[in-house]
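Architecture and fold: a report
Here is how the chains run, residue by residue.
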Amino acid sequence: MNIFEAVKENVTARQAAEMYGIRVNRNGMACCPFHDDRYPSMKVDKRFHCFGCQADGDVIDFAARLYGLNNLGAAMKLTSDFGISYDNKGRASPRPVKKKISEELRLKQAELQCCRILSEYNHLLGKWKTEYAPETLGEEWHPLFVEALQKQTYTEYLLDTLLAGTTEEKAAIVKEHGKEVIRIGERISGLVARHKAGRDEHSRLAPTGTDGR
Ligand SMILES: [Zn+2]
């Protein structure tokens, strides 16, 4: 098994897309990184295919195109990012490696998920801070305004650590705050959905608690 086969055996185009920060929806569709794609038109599975620009190929073609590498460079990047080791005859050693991949991948995906949720939350907090700011002195503060004041610094700290921290620091954030972040994610997707649905948004947007949980 050569390096190309080792990579293709161990990593799908979908896993690579997710690892490299591309959001893949439940139907396996993603916004194509190879053309200006506003709605997901790329199918990612074991291979990838874009119905918009016809980009098509396997996981190695995907990484090569995404990072402007040749096929060998892309295969080497994938072996290193997914922890695939192969001996100098090019044979992969799948058993211990697979376990390592799944652990590293799980952590990496958890980090990416936390990052996505926290940046969305941070963006919302910024919006609430202006949208719900009291207009008159003595007016009762909107709970979302209070939440923005209380939570923004903390959210930025978590986000900064996930973006720029060491591997250990990132892992610690996921371990200690992962569940809390997931709950924030569930809550804000509920808020956003209701906000989109419209009607009577002030009372509907009011959170169940002001502590962000
Ligand atoms: Zn495309």
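1. Details of the coordination of the zinc ion
Looking at the zinc ion, the protein donor atoms are C32 (SG), H35 (ND1), C50 (SG) and C53 (SG), and they sit 2.0 to 2.3 Å from it. Viewed at the metal, the 4 donor atoms of the zinc ion are separated by angles of 103 to 117 degrees, and the geometry they form is tetrahedral. Sequence positions of the donors to the zinc ion reduce to the motif C-x2-H-x14-C-x2-C. On the criterion of sequence distance, the pair formed by H35 in the loop between β1 (29–30) and β2 (42–44) and C50 in strand β3 (residues 48–50) is long-range, its members being 15 residues apart. Relative accessible area serves as the criterion here: at 26%, H35 is assigned to the partly exposed category.

2. Details of the nonpolar core
Core analysis: the largest hydrophobic core is formed by 30 residues, its most contacted members being A16, M42, F48, V59, F62, L78 and F82. Once residues lying within four places of it in the same chain are set aside, the contact partners of F48 are A13, F34, M42, K43, A55, D56, G57, D58, D61 and F62. Counting 21 residues, the second-largest nonpolar core is a separate cluster that includes C115, I117, F145 and V174.

3. Section: the pattern of salt bridges
For the structure on display, the rule yields 5 salt bridges. R47 is the partner of D56 in a salt bridge, and the nearest nitrogen-oxygen pair spans 2.9 Å.

4. Topic: the packing of helix α6 (residues 143–164) against helix α7 (residues 167–197)
For the pair α6 and α7, interaxial distance at closest approach is 11 Å and the crossing angle is 145 degrees. For the element pair α6 and α7, the recorded crossing hand is left-handed. Contacts between α6 and α7 pair L144, E147, Y154, Y157, L158, T161, L162 and L163 from the former with E169, K170, I173, V174, H177, E180 and R187 from the latter.

Rules used in this analysis
Residues numbered from 1 in each chain as written. Predicted model: local features only at pLDDT ≥ 70, side-chain atom pairs only at ≥ 80, totals over all residues. Heavy atoms only, no water. Donors = N, O, S within 2.8 Å, 3.2 Å for Na, K, Ca; no water. Tetrahedral: all angles 85-135°; square planar, octahedral: opposite > 155°, others 65-115°. Helix = DSSP H or I, 4+ residues; strand = E, 2+ residues; numbered from the N terminus. Buried < 20%, exposed > 50% of the residue type's maximum accessible area, 1.4 Å probe, protein only. Core = buried A, V, L, I, M, F, W, Y, C linked by side-chain atoms within 4.5 Å. Contact = heavy atoms within 4.5 Å. Salt bridge = Lys/Arg side-chain N within 4 Å of Asp/Glu carboxyl O. Axes fitted to C-alpha atoms, helices over the stretch in contact; angles between N-to-C directions. Left-handed = near helix turned anticlockwise from the far one by under 90°.

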